[in-house]
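So you can see what is in the structure, the chains are spelled out below.
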Amino acid sequence: MSARGRETAVVGSGPGKPHRGPGGFGPGGMAAMPVEKARDFRSSFTRLVGRLRPERAMVGLTVGLAVVSVALLIAGPKILARATNLIFEGVIGMQLPAGVTKQQVVEQLLAQGQTRLASMVEAMNVIPGQGVDFGAVGRVLALVAAIYLVGALFSWFQGFIMAGVVQRVVYRLRTDVDQKLARLPLKYFDGRSRGDILSRLTNDIDNISNTLQQTLTQIVTAVLTLVGVLVMMFWISPLLAVLSLITVPLSVVVTMMIAKRSQKQFKLQWKRTGSVNGHVEEMYTGHNIVKVFGRQAKAIATFDEENEELYRASFKAQFISGIIMPSMMFIGNLNYVAIAVLGGIRVASGTLSLGDVQAFIQYSRQFTQPITQVASVANILQSAVASAERVFEMLDEEEETADVAHPILPAEPRGHIIMKDVSFRYLPDTPLIENLNLEVEPGQTVAIVGPTGAGKTTLVNLLMRFYEIDRGSIVIDGVDTRAMTRDDVRRLFGMVLQDSWLFGGTIRENIAYGREGAGEEEIEAAAAAAQVDHLVRTLPEGYETRVGDESTNISEGEQQLLTIARAFLADPLILILDEATSSVDTRTEVMIQKAMARLLEGRTSFVIAHRLSTIKDADTILVMNHGQIVEQGSHDELLAREGFYAEMYNSQFLEPLIEAA
Amino acid sequence: MIRLLLTYLRTYRLQMAVVFVLVLLQSLANLYLPELNANIINNGVAQGDVGYIWRTGGLMLAVSFAVGICAVAAVYWGSKTAMQVGRDIRGDLFRTVESFSQLEVNRFGTPSLINRNTNDVQQLQMLVAIGLNMMIMAPMMSIGGIIMALRQDVPLSASIAVILPVMGIFIFFTVRRAVPLFQAMQKKLDRINQVMRESLAGIRVIRAFVRTSYEERRFEEANTDLFKVGLAVTRLFALMMPMLLLIFNMSTVAIMYFGGQRVASGEMPIGNLTAFIAYVMQILMSVMMATIMLAMVPRAAASGERIAEVLGTKPTIHDPESPRVPAPAGGTTGTIEFKNVEFRYPGAEAPVLRGISLVARPGTVTAIIGSTGSGKSTLINLIPRFFDVTEGSIEIDGVDIREMARADLWRLIGFVPQRAFLFSGTVADNLRYGDENAGEAELWQALEVAQAREFVEEMPEGLQSPIMQGGTNVSGGQRQRLAIARAIVKRPPIYVLDDSFSALDFVTDARLRQALKRETEEATVFIVAQRVSTVMHADNIIVLDDGAIAGMGTHGELMARSETYREIVYSQLSAEEVA
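Residues numbered from 1 in each chain as written. Chains lettered and ligands numbered in written order. Predicted model: local features only at pLDDT ≥ 70, side-chain atom pairs only at ≥ 80, totals over all residues.

1. Some details on the overall build of chain B
Turning to step 1, where the next piece is worked out: The number of helices and strands found in chain B is 22 helices and 12 strands.
Turning to step 2, where the next piece is worked out: Taken over C-alpha atoms, the radius of gyration comes to 36 Å for chain B, far larger than the 25 Å a tight globule of 579 residues would show.
Turning to step 3, where the next piece is worked out: Each of the three principal axes of chain B carries a C-alpha extent, and together these read 115 × 65 × 55 Å.
Turning to step 4, where the next piece is worked out: In chain B, which comprises 579 residues, the proportion classed as buried is 47%.
Turning to step 5, where the next piece is worked out: Here the analysis covers contacts within chain B between residues at least 6 apart in sequence; of these, 78% occur between residues at least 24 apart. (Helix = DSSP H or I, 4+ residues; strand = E, 2+ residues; numbered from the N terminus. Rg over C-alpha atoms; globule rule 2.2 N^0.38 Å. Buried ≥ 20, exposed ≤ 12 C-beta atoms within 10 Å, placed from the backbone. Contact = placed C-beta atoms within 7 Å.)

Here it is in structure tokens:
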């Protein structure tokens with residue numbers, strides 16, 4: 001499967017995938033979202049199950065515990081039936097005169113023509129004249145209580161151990177995925193949308209985790225209960241059991257019929273919800289525009305229309321799916337009535353004991369629950385396996401080639417770089433960089449210029465070995481970068497990017513990111529060098545101020561200064577700098593420029609430049625367009641050539657230059 | 001939340017009453033079944049009367065049907081009511097927000113308002129739907145069950161007084177432990193997802209600074225935390241189910257024991273024992289269901305509060321009772337005068353703008369420049385009354401804009417926002433926001449002026465090309481140009497352009513300004529910009545610094561006089577170029 005094919009397939013199903021939040025129960029929540037299916041269910045499912053392998057001993061143990069607890073809990077009602085029978089027999093016995101035998105009573109009843117009553121009494125263990133044997137009843141009840149208690153204990157153990165299994169499996173999955181991230185080449189991240197990857201890392205794993213939690217703990221007990229209850233029901237009365245079994249296909253058919261209709265309505269409801277939400281989002285985002293262009297009345301009218309549509313769709317969806325519960329209740333009641341009547345007749349005719357009928361009613365109530373459980377497990381498993389498939393896909397991605405076995409380091413790093421006949425292309429049939437030759441002496445500055453989207457970062461990618469070159473070589477201080485480890489190459493570099501990446505943490509932590517184990521003084525010195533020390537100190541919490549993530553308490557320009565401080569702390573031999581174009585206010589802009597200039601001092605540097613002064617001062621200018629290096633040379637040389645650079649230079653700078661003069 | 005719901009439910013009180021009656025009937029009929037079963041045992045089985053068994057069975061069947069019909073009808077009216085309430089709340093929210101000025105919108109934030117109008121309403125609607133079906137059923141079943149149990153045998157009913165509190169206490173302690181655990185779980189989940197998000201966003205930086213192992217440690221920490229809380233939650237659940245089952249089962253055993261004695265002493269028929277157990281189970285089940293449903297309440301309550309907050313907010317900007325329309329003697333409208341204008345956010349210590357006085361006449365371009373946060377956007381947002389001045393006044397042709405109807409005011413203004421916002425639809429749809437009746441020729445002409453003709457022509461469907469929501473399928477520069485064209489289609493006497501050229505390259509910027517100048521010869525034009533090159537040709541440049549005017553005049557004048565202006569210019573062009 002090609003990477004491209006996979007990507008499009010994923011985009012179609014990626015961000016909007018179903019997730020069940022808490023509170024996803026209730027009639028509406030169940031069938032609310034169309035379930036997404038895995039492409040290769042069987043192999044992804046097997047692989048997901050395979051992740052339980054390290055836990056197989058524990059899983060075996062829980063199955064054993066479940067067998068015991070289910071067996072005990074199922075035995076309960078049947079044994080309880082004996083207590084009912086004992087009481088019933090006592091009641092009947094009391095009504096009979098003492099001193100006669102059961103046989104005599106039966107004969108007497110037959111003589112009176114009460115054949116049914118006679119056969120019932122005959123089947124019972126009645127001693128005429130004797131009341132309820134409470135000793136026996138007490139013993140039976142004590143036994144049942146003990147059985148329930150032990151059953152509950154085992155069931156708890158089972159759940160307790162399974163909880164550990166599930167959490168450990170999810171933990172390992174997350175760890176695997178995280179470690180995989182570190183081994184994936186940058187190509188992987190550049191080649192697909194961040195939203196898609198993020199969705200695999202978060203939503204998909206959450207989905208798997210929730211499903212495992214729900215299914216693993218339920219499925220074993222559910223299946224065992226189902227089997228056990230069926231056995232008991234058939235044991236008590238095959239006739240009644242068959243009768244109860246009929247309700248199963250009946251329920252399934254009814255549910256499916258309703259679900260099919262409601263599914264359609266739910267889809268419609270989602271569509272309508274989407275369009276209402278879309279309208280709301282649009283009108284709110286363009287709040288002022290709607291007003292100033294006099295479209296408010298129309299916006300409200302459209303909203304009312306769509307709101308009404310949504311109401312109709314959601315009412316139907318809610319109603320139809322809401323019928324399922326009453327229907328199930330109705331079928332359950334039918335079953336109840338049938339057991340009450342037929343069971344009653346059988347007791348009366350002596351072919352069944354009253355206690356057994358009672359037990360049967362209990363079983364038949366227990367019988368439907370595991371069925372619904374298994375059905376819902378099957379349902380949520382669909383989407384979990386689809387999620388697992390996407391996560392596995394990521395785990396299977398090709399990793400970066402291993403570092404060389406015996407890496408070397410430049411003996412005397414000075415920042416001398418030679419790029420020799422370097423060729424590189426992202427796509428095999430689109431040449432990007434062909435035979436690039438460039439020598440940069442220690443301390444020199446290379447400016448990279450070109451229109452937006454000209455691929456200026458490509459060079460950075462190659463220098464830092466984010467991507468591997470196809471041909472040629474990059475030699476730093478006499479050592480081919482491929483003979484070093486990637487980490488060692490990157491340690492030679494410092495980098496300040498335009499979108500200043502700060503992570504959720506304090507300012508101190510963010511600056512300290514530049515070098516592991518940097519001391520407080522060093523951090524503050526770096527901040528001072530980046531002209532940001534004073535600013536940080538004016539913040540109420542100083543260096544402990546939290547930044548990144550959603551906190552917007554410091555401006556974009558200030559964020560940029562922090563990343564410069566980070567680079568100062570790293571104190572690299574070679575520097576890669578991305579000049580800001582974004583709108584930063586004037587004073588910060590001046591500070592950033594000063595800080596950058598100081599950072600450049602004495603270092604070999606590559607600057608993605610937007611500022612004329614930087615470009616003019618550079619030792620070499622690389623002019624890029626459409627991903628390729630189209631010209632190379634000093635400012636004067638390039639102007640004399642009257643090529644792309646000269647054209648760009650004139651269009652961008654000439655006008656303000658003349659006007660300002 | 002309760003008050004909010006009651007307000008909206010009041011409209012449907014008749015439907016609600018129907019639901020209540022139906023649910024009550026359904027509960028009673030459902031509870032009647034075990035009693036009939038008891039009769040079968042007492043009068044049929046024990047007496048050997050098969051005919052009675054059949055008759056009672058028939059009655060049970062009829063009751064079952066009645067239950068089913070009541071239940072379906074209750075679901076019908078319940079769902080209807082819930083969805084109607086949802087629709088009404090949604091509609092009222094939308095209207096309320098539409099009446100908001102920028103001030104109220106800012107208070108909540110657009111994403112939050114969207115969320116309140118969509119997800120929060122959905123939460124509430126779901127609560128009503130489930131509430132009207134299951135939540136009112138639980139108390140009815142409990143009360144009905146207790147009544148029926150009392151009918152079977154009063155002394156034995158004392159057992160309920162023991163069983164219910166036991167279950168209640170257990171549920172109470174479980175919930176008390178579960179709620180903080182769930183909150184912690186959500187936090188840890190957010191945390192691990194945040195770490196993931198960060199390491200994805202910063203992948204280049206992480207690798208450049210060789211900090212992969214540091215990131216892995218951070219992740220490891222978050223993962224371990226999540227593991228621990230997750231384990232606690234699942235273990236709590238592992239305890240809960242067997243415990244509930246145990247309470248159920250032990251109740252049965254206890255009732256058998258005590259009930260057996262009542263039966264033996266002849267104080268209760270044996271069939272009632274069976275029925276009694278059925279009632280107790282029903283009571284316990286409904287209590288459990290109600291508890292599960294109650295778990296929804298806190299979330300819905302939070303939603304309800306958020307909704308009530310919006311509905312309770314009154315817009316601060318209103319139309320005057322008897323609006324005036326500016327009718328200048330000279331004919332052309334559009335002279336705008338700021339008279340000592342101050343603006344501050346409510347409760348703010350310092351004003352955003354202060355002492356702003358300026359006059360902009362038809363046929364002139366007034367440009368506003370200044371650093372971020374100097375109040376440029378706020379200043380021009382005062383013109384269409386997105387905010388109202390807190391002191392001083394703004395007049396159009398001598399009429400205070402607060403004395404005009406806003407619709408009249410807006411008709412005069414062609415507005416291009418800072419973040420060029422396009423609506424979903426076609427290119428033409430968007431342009432016709434300016435004038436619904438504009439013909440194609442007019443649209444093309446506006447596109448021409450906005451330097452957008454070329455790329456619209458290149459689009460496969462030209463004017464009918466689709467624009468996605470927010471205009472995400474065109475580039476930032478194209479978006480800006482379409483937004484400008486939209487304002488041109490309107491042909492207003494006043495143009496307000498808020499930093500609308502930032503995504504354009506220098507050449508397009510220059511061409512657009514020239515074309516626009518020809519187009520707006522008669523109009524009053526306000527331009528906010530960051531780039532010096534954009535403003536330097538304006539008739540009047542206003543330099544804002546910290547909310548006050550730091551300089552006013554042409555480029556030449558300001559270069560000579562204004563230090564702030566020079567600073568801005570130098571920061572954008574290096575000194576040698578300017579000199």
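2. Some details on the overall build of chain A
Turning to step 1, where the next piece is worked out: Check the secondary structure of chain A and you find 23 helices and 12 strands.
Turning to step 2, where the next piece is worked out: When contacts within chain A are restricted to residue pairs at least 6 apart in sequence, those whose partners lie at least 24 apart make up 81%.

3. What to know about the pairing of strand β10 (residues 604-608) of chain A
Residues and elements named next belong to chain A.
Turning to step 1, where the next piece is worked out: Taking burial as the measure, the 5 residues of β10 include 5 buried ones, the bulk of the element.
Turning to step 2, where the next piece is worked out: Of the two faces of β10, both are covered, the one formed by Thr604, Phe606 and Ile608 as well as the one formed by Ser605 and Val607.
Turning to step 3, where the next piece is worked out: Note that strand β9 (residues 574-578) and β10 share 5 bridges and pair parallel. Across the sheet, the residue bridging to Ile576 is Phe606, located in β10. (Pairing = 2+ DSSP bridges.)

4. A word on the environment of Met134 of chain B
All names here are of chain B.
Turning to step 1, where the next piece is worked out: Residue position: Met134 is located in helix α5 (residues 110-135).
Turning to step 2, where the next piece is worked out: For Met134, a count of 20 C-beta atoms within 10 Å puts it in the buried group.
Turning to step 3, where the next piece is worked out: In the structure, Met134 is positioned 231 residues away from Val365 in sequence and 66 Å away in space, judged by C-alpha atoms.
Turning to step 4, where the next piece is worked out: Residues within four places of Met134 in sequence aside, it is in contact with Met289 and Met293.

5. Details of the sheet that holds strand β4 (residues 391-396) of chain B
Residue and element names in this part refer to chain B.
Turning to step 1, where the next piece is worked out: Read across the sheet, 4 strands follow the order β2-β1-β4-β5 without closing on themselves; strand pairing throughout is antiparallel. Where the open sheet ends on each side, the last strands, each with one partner, are β2 (353-360) and β5 (399-400).
Turning to step 2, where the next piece is worked out: Two strands pair when backbone bridges link them, and strand β1 (residues 336-343) and β4 are joined in this way by 5 bridges, in the antiparallel orientation. Residue pairing for β4: Ile336 is matched across the bridge by Ile396.

6. Observations concerning the domain arrangement of chain A
Turning to step 1, where the next piece is worked out: Domain boundaries in chain A define domain 1 (39-395) and domain 2 (409-492 + 606-661).
Turning to step 2, where the next piece is worked out: The distance between the C-alpha centroids of domain 1 of chain A and domain 2 of chain A comes to 65 Å. (Domains from an automatic or database assignment.)

7. Here we look at the nonpolar core
Turning to step 1, where the next piece is worked out: Ranked by size, the top nonpolar core spans 260 residues in total, and within it Ile87 of chain A together with Val280, Ala367, Ala485 and Ile527 of chain B carry the most contacts.
Turning to step 2, where the next piece is worked out: Counting residues per element, this core draws most heavily on helix α12 (residues 296-348) of chain A, which supplies 20 residues.
Turning to step 3, where the next piece is worked out: Ignoring anything within four residues of it in the chain, the contact list for Ala367 of chain B reads Ile527, Ala529, Val535, Ala538, Ile541 and Ile542 of chain B.
Turning to step 4, where the next piece is worked out: Ranked by size, the runner-up nonpolar core spans 75 residues in total, among them Ala447, Met484, Leu562 and Ile592 of chain A. (Core = buried A, V, L, I, M, F, W, Y, C linked by C-beta atoms within 7 Å.)

8. Overview of the domain arrangement of chain B
Often, the extent of an interface is quoted as the loss of accessible area upon association of its parts.
Turning to step 1, where the next piece is worked out: For chain B, the assigned domains read domain 1 (1-153 + 268-314), domain 2 (157-247) and domain 3 (336-578).
Turning to step 2, where the next piece is worked out: Using only C-alpha atoms to locate each centre, domain 1 of chain B and domain 3 of chain B end up separated by 56 Å.

9. A few points about the packing of helix α10 (residues 238-285) of chain A against α5 of chain B
Turning to step 1, where the next piece is worked out: One can describe the packing of α10 of chain A onto α5 of chain B by two numbers: an axis separation of 9 Å at closest approach and a directional angle of 150°. The angle between the axes of α10 of chain A and α5 of chain B places the two elements in the roughly antiparallel class. In this structure, α10 of chain A crosses over α5 of chain B, and the sense of that crossing is right-handed. Where α10 of chain A approaches α5 of chain B, its residues Asn277, Val280, Glu281, Tyr284 and Thr285 of chain A are matched on the opposing element by Thr110, Leu113, Ile114, Asn117 and Thr118 of chain B.
Turning to step 2, where the next piece is worked out: Here the contact of α10 of chain A with α5 of chain B is composed, by residue class, of 4 nonpolar, 5 polar and 1 charged. (Axes fitted to C-alpha atoms, helices over the stretch in contact; angles between N-to-C directions. Parallel < 35°, antiparallel > 145°, perpendicular 65-115°, else oblique. Left-handed = near helix turned anticlockwise from the far one by under 90°. Nonpolar A, V, L, I, M, F, W, Y, C, P; charged D, E, K, R; others polar.)

10. Notes on the interface of chain B and chain A
Turning to step 1, where the next piece is worked out: Across the boundary between the two partners, chain B contributes 126 residues, which contact 127 residues of chain A.
Turning to step 2, where the next piece is worked out: The class makeup of the residues in the side of chain B that touches chain A is 72 nonpolar, 38 polar and 16 charged.

11. Description of the sheet that holds strand β11 (residues 540-545) of chain B
Residue and element names in this part refer to chain B.
Turning to step 1, where the next piece is worked out: Spatially, 6 strands are ordered β6-β9-β10-β3-β11-β12 in an open sheet, and the strand pairing comes out mixed. Pairing within the sheet leaves two strands with one partner each, and these edge strands are β6 (413-416) and β12 (548-553). Within this sheet the neighbouring strands show an average axis-to-axis angle of 15°, counted without direction.
Turning to step 2, where the next piece is worked out: Where strand β3 (residues 365-370) lies against β11, 5 bridges are found, and the strand directions are parallel. Within the sheet, the bridge partner assigned to Ala367 lies in β11 and is Ile541.
Turning to step 3, where the next piece is worked out: Strands in contact with helix α17 (residues 476-490) are β6 and β9 (494-498); relative to β6, the strand with the most contacts, it is inclined by about 175°.

12. Let's talk about the packing of helix α2 (residues 13-45) of chain B against helix α10 (residues 270-294) of chain B
Residue and element names in this part refer to chain B.
Turning to step 1, where the next piece is worked out: It is at 7 Å that the axes of α2 and α10 come closest, and there the two elements cross at 160°. When the interaxial angle is binned, α2 and α10 end up roughly antiparallel. The element α2 and its partner α10 pack so that their crossing is right-handed. Here Leu31, Pro34, Glu35, Asn37, Ala38, Asn39, Ile41 and Asn42 of α2 come into contact with α10, specifically with Ile270, Gly271, Asn272, Thr274, Ala275, Ala278, Tyr279 and Gln282.

13. Some words on the confidence of the model for chain A
As a note on interpretation, predicted positions should not be read in detail where pLDDT is low.
Turning to step 1, where the next piece is worked out: Scored by pLDDT, chain A comes out at a mean of 80, with 88% of its residues at no less than 70.
Turning to step 2, where the next piece is worked out: Confidence drops under a pLDDT of 50 for residues 654-661 of chain A, and excluding neighbours within four residues, the segment shows 12 contacts in the predicted structure. (pLDDT = per-residue confidence, 0-100.)

14. Here's the deal with the environment of Val144 of chain A
Turning to step 1, where the next piece is worked out: Secondary-structure assignment places Val144 of chain A in helix α7 (residues 134-183).
Turning to step 2, where the next piece is worked out: Exposure remark for Val144 of chain A: the 25 C-beta atoms within 10 Å place this residue in the buried category.
Turning to step 3, where the next piece is worked out: The residues touching Val144 of chain A, leaving out its near neighbours within four places in the chain, are Gly76, Ile79 and Leu80 of chain A together with Val253 of chain B.

15. Considering the environment of Asn625 of chain A
Turning to step 1, where the next piece is worked out: Counting through the fold element by element, Asn625 of chain A comes out in strand β11 (residues 620-625).
Turning to step 2, where the next piece is worked out: When the C-alpha positions of Asn625 of chain A and Gly450 of chain A are compared, they lie 5.8 Å apart, and in sequence the two are 175 residues distant.

16. Thoughts on unusual backbone geometry
All names here are of chain A.
Turning to step 1, where the next piece is worked out: Although it is not a glycine, Asn435 adopts a positive phi angle of roughly 50°.
Turning to step 2, where the next piece is worked out: Its place among the elements puts Asn435 in strand β2 (residues 433-440).
Turning to step 3, where the next piece is worked out: Of the residues examined, Asn435 has 13 C-beta atoms within 10 Å and is grouped as partly exposed.

17. Points about the pairing of β1 of chain B
Turning to step 1, where the next piece is worked out: Strand direction decides the pairing type here: β1 of chain B and β2 of chain B, joined by 5 bridges, are antiparallel. By the bridge assignment for β2 of chain B, Glu337 of chain B is matched with Val359 of chain B.

18. Some points on helix α15 (residues 440-449) of chain B
Residues and elements named next belong to chain B.
Turning to step 1, where the next piece is worked out: Of all the positions in α15, only Leu443, Ala446, Leu447 and Val449 are classed as buried. Along the axis of α15, the buried positions cluster into a sector of 160°, meaning they face one direction only. Facing away from the buried side of α15 by over 90 degrees, the exposed positions are Glu440 and Ala441. (Arc of directions from axis to C-beta.)

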